[in-house]
Amino acid sequence: MSRTSRSPYRLTFALAMALSGGVAAVPAVSRAQAADTRDALAIEEVVVTARKREENLQETPIAITAVGGEQLQARGAVDLTAIETLAPNVHFSANQPTSGLSGATAVFIRGIGQRDFTINIDPAVGVYFDGVYVGRSIGALMDLVEIERVEVLRGPQNTLFGRNTIGGAISVVTKSPAEQFGGSIRVSGGEDTYAEVAGSVNVPLSETVRASLSAFYRHQDGFVKALQYNDVKLGEDDVRGARAKLVFDFSPSVSLELAGDIARTSNTPGPVVPVVLNTLLPVGTVGTGPFNTFFNNSLTLSGDAACRTTAGHATNSRCFGSVWLPASRYASNAVFTDRNGRKVDPDNQLDTNGISATLTADTPLGQFKSISAYRDFDAVTFNDLDFTPYLLFANNHPEFSQHQYSQEFQLVGSTANGKVDYVLGLYYFEEKGLERIFNQIVTAFNATTNPGSLAQDIFRNIDNSSKAAYAQVTYHLTDALSITGGARYTEGRKTFRIKNILPSGATDGPYRGVKEVERLTPTITVGWKATPDSYLYATYSEGFRDGGFAARFLGVLPANLPSYDPEFVEAYEVGSKNVLFDGRLRLNAAVFHTKYKDLQVDATVPPALQISQQSTILNLAQARMQGVEVEFDGRLTEWLRVDGAVGYLDADIQSVLGGRVASGAFGVTTATDLPYTPKWTANLGVTATTRVAEMGKLAARFDLSYSDTQTSAIDGNYETKLRSRSHLNASLRYTPDGGRWEAGLYVRNLTNDHYFVQKTNIQALNSAFGALGRPRTIFASVTYRFGN
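Residues numbered from 1 in each chain as written. Predicted model: local features only at pLDDT ≥ 70, side-chain atom pairs only at ≥ 80, totals over all residues. Heavy atoms only, no water.

Draft legend 1. The arrangement of the overall build of the protein in detail. A tally of helices and strands in the protein yields six helices and 44 strands. Within the protein, counting contacts between residues at least 6 apart in sequence, those at least 24 apart form 68% of the total. Total accessible area on the protein is roughly 30800 Å²; 57% of this is exposed by carbon and sulfur atoms. (Helix = DSSP H or I, 4+ residues; strand = E, 2+ residues; numbered from the N terminus. Contact = heavy atoms within 4.5 Å. Areas by Shrake-Rupley, 256 points an atom, 1.4 Å probe, with all protein chains shown as cover.)

Draft legend 2. Layout of the confidence of the model for the protein. Of all residues in the protein, 86% have pLDDT values of 70 or greater, and the mean over the chain is 86. The low-confidence segment residues 445-451, where pLDDT is below 50, has ten contacts with residues more than four positions distant or belonging to other chains. Ignoring residues within four places in sequence, the model shows residues 659-666, a span with pLDDT below 50, making 27 contacts including any to other chains. (pLDDT = per-residue confidence, 0-100.)

Draft legend 3. Structural context of the environment of Thr 783. Assignment of secondary structure puts Thr 783 in strand E44 (residues 777-787). Taking the relative accessible area as the measure of exposure, Thr 783 reaches 5% and is therefore buried. Sequence separation between Thr 783 and Ser 184 is 599 residues; the distance between their C-alpha atoms is 6.9 Å. Once residues within four sequence positions are removed from consideration, Thr 783 is found in contact with Gln 73, Ser 184, Ile 185, Arg 186, Arg 740, Trp 741 and Glu 742. (Buried < 20%, exposed > 50% of the residue type's maximum accessible area, 1.4 Å probe, protein only.)

Draft legend 4. Expanded view of the pairing of strand E26 (residues 507-531). In terms of strand pairing, strand E25 (residues 481-501) meets E26 through 20 bridges, oriented antiparallel. If you follow Phe 496 over to E26, its bridge partner there is Gly 513. Hairpin connection of E25 to E26: five residues between the antiparallel strands, including Gly 505 at a positive phi of 100°. Sheet analysis places E26 next to strand E27 (residues 534-545), joined by seven bridges and oriented antiparallel. Note that in E27 the partner of Gly 527 across the bridge is Tyr 537. The hairpin turn running from E26 into E27, its antiparallel successor, is two residues long. (Pairing = 2+ DSSP bridges.)

Draft legend 5. Highlighting a nonpolar patch on the surface. Where nonpolar side chains cluster on the molecular surface, the patch consists of Ile 185, Val 187, Val 197, Trp 741, Val 782 and Tyr 784 and spans about 510 Å² of accessible area. Elements that contribute at least two residues to the nonpolar patch include exactly strand E11 (182-190) and E44. Checked against the element boundaries, Val 187 lands in strand E11. (Patch = residues over 30% accessible without salt bridge, like charges linked within 9 Å, V, L, I, M, F, W, Y side chains within 5 Å. Salt bridge = Lys/Arg side-chain N within 4 Å of Asp/Glu carboxyl O.)

Draft legend 6. Broad picture of the side chain of Glu 567. Here Glu 567 shows up in strand E30 (residues 567-580). Glu 567 sits in the buried class, given a relative accessible area of 0%. Of note is the side chain of Glu 567, whose polar atom sits 2.8 Å from the side chain of Arg 545. Other than its neighbours up to four places away in sequence, Glu 567 contacts Ile 166, Gly 543, Phe 544, Arg 545, Tyr 596, Lys 597, Asp 598, Leu 599 and Gln 600. (Polar contact = N/O pair within 3.5 Å; in protein donor to acceptor, adjacent residues only side chain to side chain.)

Draft legend 7. Spatial organisation of the pairing of E44. Bridge analysis of E11 against E44 gives nine bridges, and the strand direction is antiparallel. Each residue of the ladder has a partner; that of Arg 186, found in E44, is Thr 783. Here strand E41 (residues 741-748) pairs with E44 via eight bridges, running antiparallel. Along E44, the bridge assignment pairs Leu 745 with Ala 780.

Draft legend 8. Just the side chain of Asp 652, in detail. Counting through the fold element by element, Asp 652 comes out in strand E33 (residues 640-656). Asp 652 sits in the buried class, given a relative accessible area of 5%.

Draft legend 9. How the structure looks around the sheet that holds strand E7 (residues 125-129). If you walk across this open sheet you meet the five strands as E3-E9-E10-E7-E8, and the pairing is mixed. The open sheet is flanked by strand E3 (63-68) and strand E8 (132-134), the only strands paired with a single partner. Along the sheet, successive strands turn relative to each other by an average axial angle of 20°, direction set aside. Inspection of the sheet shows E3 paired to strand E9 (residues 147-154) by six bridges, in the antiparallel sense. Within E9, the residue paired with Ala 63 across the bridge is Arg 154. (Axes fitted to C-alpha atoms, helices over the stretch in contact; angles between N-to-C directions.)

Draft legend 10. Representation of the pattern of salt bridges in the model. According to the stated counting rule, one finds 48 salt bridges in the structure shown. We note a salt bridge from Arg 624 to Asp 650, for which the minimum N-O separation is 3.0 Å. Highlighted residues: Arg 624 in strand E32 (residues 616-635) and Asp 650 in strand E33, separated in sequence by 26 residues. Both residues of the pair, Arg 624 and Asp 650, count as buried. Note that Arg 641 is salt-bridged to Asp 633, the shortest N-O span being 2.9 Å. Since its relative accessible area comes to 15%, Arg 641 is described here as buried. Assessed through its relative accessible area of 8%, Asp 633 is described here as buried. One salt-bridge network, held together by shared partners, links Arg 110, Arg 154, Glu 573, Glu 629 and Glu 631.

Draft legend 11. Layout of the packing of aromatic side chains. The tally for this structure, following the rule as stated, stands at 20 aromatic pairs. Plain terms: the ring middles of Tyr 128 and Phe 161 are 5.0 Å apart, the flat faces sit at 70° to each other, and that makes the pair edge-to-face. Residue Tyr 128 is found in strand E7, and its partner Phe 161 is found in helix H4 (residues 158-161); the two are separated by 33 residues along the sequence. Judged by centre distance (6.1 Å) and plane angle (20°), the ring pair of Phe 368 and Phe 409 falls under stacked. (Phe/Tyr/Trp six-rings, centres within 6.5 Å; stacked < 30°, edge-to-face > 60°.)

Draft legend 12. Seen up close, the sheet that holds strand E6 (residues 112-114). With antiparallel pairing, the three strands of this open sheet are ordered in space as E4-E5-E6. A strand with exactly one partner marks an edge of an open sheet, and here the two such strands are strand E4 (90-93) and E6. In this sheet, neighbouring strand axes are inclined to one another by 10° on average, regardless of whether the strands run parallel or antiparallel. Across three bridges, strand E5 (residues 106-109) lies against E6 in antiparallel orientation. What sits directly across from Val 107, in E6, is Gln 114.

Draft legend 13. The nonpolar core, seen in detail. In terms of nonpolar packing, the biggest core is built from 36 residues, with Val 224, Phe 336 and Leu 772 touching the most fellow members. Broken down by secondary-structure element, the contributors of at least two residues to this core are strand E14 (224-226), strand E18 (272-276), strand E42 (756-762) and strand E43 (767-772). With residues up to four places along the chain from it excluded, the contact list for Leu 772 reads Phe 223, Val 224, Pro 271, Val 273, Arg 329, Tyr 330, His 754, Tyr 755, Phe 756 and Val 757. Counting 24 residues, the second-largest nonpolar core is a separate cluster that includes Val 67, Ile 109, Val 125 and Val 152. (Core = buried A, V, L, I, M, F, W, Y, C linked by side-chain atoms within 4.5 Å.)

Shown next, in the form of structure tokens:
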């Protein structure tokens with residue numbers, strides 16, 4: 001559907017100019033002088049490192065949402081999915097439906113992202129953990145323990161952050177060891193056996209060596225009943241982990257930080273339920289292609305032709321159809337099996353590990369930094385994609401692993417006169433990964449024998465590398481006016497191998513494909529500090545996401561692997577950052593326009609081709625994203641603070657290459673909605689504090705978020721639509737004087753809303769299914785702080 005409203009741009013531009021005092025030049029005022037005039041209720045300054053140096057958020061020419069660790073804790077946030085309710089035009093969800101794995105993420109910013117979890121698909125929003133890029137969507141779901149802050153950078157960040165950041169970047173910064181002994185422990189408990197224990201300790205080992213250690217455990221039962229089991233609930237959350245840091249201060253100008261983290265997840269498959277079974281096409285209709293001909297409404301388990309009728313489809317348990325849709329919204333008839341087709345109690349596991357060494361040295365040319373890092377993950381998953389007690393389509397991952405190494409050198413400095421700031425860098429990244437999929441797919445039924453099946457034991461291997469050099473220079477024309485230019489040169493090589501071991505022991509493949517890329521991505525920004533409290537900027541930037549090879553094939557593998565090229569963006573952004581009312585209100589706004597070229601789309605080529613070629617990814621379309629974002633944070637009184645954001649997004653497919661190409665069972669045209677592009681997103685947080693009998697502080701907080709209607713797949717199908725929804729969280733926290741301990745009561749999804757976070761369809765099964773959000777959860781928490 002085309003959405004072309006432009007009135008918000010005029011309104012925001014006018015607002016920005018008014019807040020910035022028009023165009024009259026104003027002499028620069030020092031930060032100290034400005035601080036002297038501020039109200040005692042002024043909000044705190046926020047420091048970010050979005051441009052590889054510490055800067056005031058209000059003087060950084062990027063649309064950034066920065067949230068501190070204490071703010072996240074006050075909201076009851078436990079992992080990165082919380083940022084979806086904190087930043088405008090952002091989608092961050094887990095439990096990708098076709099994976100069955102809770103750690104498989106889908107992340108979009110301004111309508112650009114990646115929803116597929118397979119090993120060969122690159123993200124379009126980069127996730128960084130203490131400056132280290134996380135190369136795959138699995139392993140990117142960070143738990144928020146001992147977090148200093150999370151920065152959400154919207155818009156392309158290719159110059160300083162690299163490829164695969166065309167939507168934006170999410171930077172997680174953890175706390176460094178303190179110079180004094182201290183720490184905390186938090187114990188929580190609540191509904192559905194919710195339990196959490198988290199602790200941290202800082203230990204100064206000497207005057208020059210300090211260490212920190214944090215550990216956590218969290219469990220909550222699943223909330224989708226597996227009806228074919230006695231005591232299995234899908235959507236369980238069971239994770240434990242630890243992080244450690246060791247800092248050596250060799251001198252006032254040289255330090256080395258060693259860090260390591262581990263996490264272990266072991267839980268039931270994700271909370272995925274069927275939306276429609278075998279009715280994406282009308283009952284009695286037969287789809288295209290040999291696999292579809294069998295499944296799409298011609299499938300019967302008993303040879304009963306009544307399964308082709310609407311009544312039989314809905315009532316005959318021997319049919320594959322809507323008869324297997326549970327009466328409860330939180331239930332599934334899925335049965336999970338091993339490679340021999342035997343029913344098992346599913347235990348999906350995900351292990352992640354990381355180590356890094358960061359050397360920092362102050363030199364005459366600026367601050368030099370070396371970041372050396374290694375990360376890996378290893379997963380095992382069970383999944384059932386037919387949602388019946390029968391073995392129709394089992395989709396398991398007996399092996400799913402990736403390991404990566406990265407090295408980055410940075411030099412961040414300024415000239416002696418302060419006229420020029422610069423960032424120079426070199427970057428290297430390599431990764432290897434294996435995704436092994438064991439599919440069991442029904443191919444024949446009759447009334448007297450067990451179903452025949454097609455077993456696929458598929459091995460997908462990646463071997464990728466990338467190297468880059470980048471530079472960004474800011475020239476201060478005056479104290480108020482600056483211009484920044486930068487560019488990144490990237491070379492990359494991707495190798496993909498795929499093979500299928502057949503039940504007979506014969507091997508289909510291996511087949512190999514190689515793609516290389518060279519790309520220069522520039523950026524240019526003009527910044528103007530119009531008044532001591534107002535900053536305007538305009539930016540042009542480019543970025544790209546890597547191309548690759550298709551990986552999903554339902555039959556014989558193609559010897560010539562279908563490939564797709566990189567996709568590109570050109571982005572224009574104008575922003576205004578303001579501090580108003582003697583420092584009580586921070587008000588930031590951005591207007592953006594993005595040209596999205598050679599869009600990579602999960603698509604199906606025409607059915608005349610063989611079945612092995614019917615699943616691929618194509619550079620299908622050209623698109624355009626444009627919108628407005630407004631964020632605010634204000635202290636109205638000593639006891640009342642309000643923060644929030646509003647995002648408007650107008651996303652359209654401008655042209656479809658080749659005119660019309662099938663995607664799933666449906667057509668993609670210029671009228672098709674792009675996934676995760678709600679027209680409106682918004683969030684509002686209210687914090688009220690009061691003294692309690694002169695003994696301590698009581699703080700109540702409410703967080704309301706809203707997301708407009710959107711689709712989660714580019715297939716034009718109603719069943720993959722996500723309805724508009726509002727989400728309300730609340731907390732009540734008491735902190736006695738002295739601040740040694742804190743007690744809190746938290747409620748997530750206060751209104752107990754029923755909603756999907758993702759949906760998808762499988763054309764071969766003529767069905768759609770989705771991952772549910774968790775119902776209302778109430779829990780209590782007690783935190784004790786010790787030391788200095």
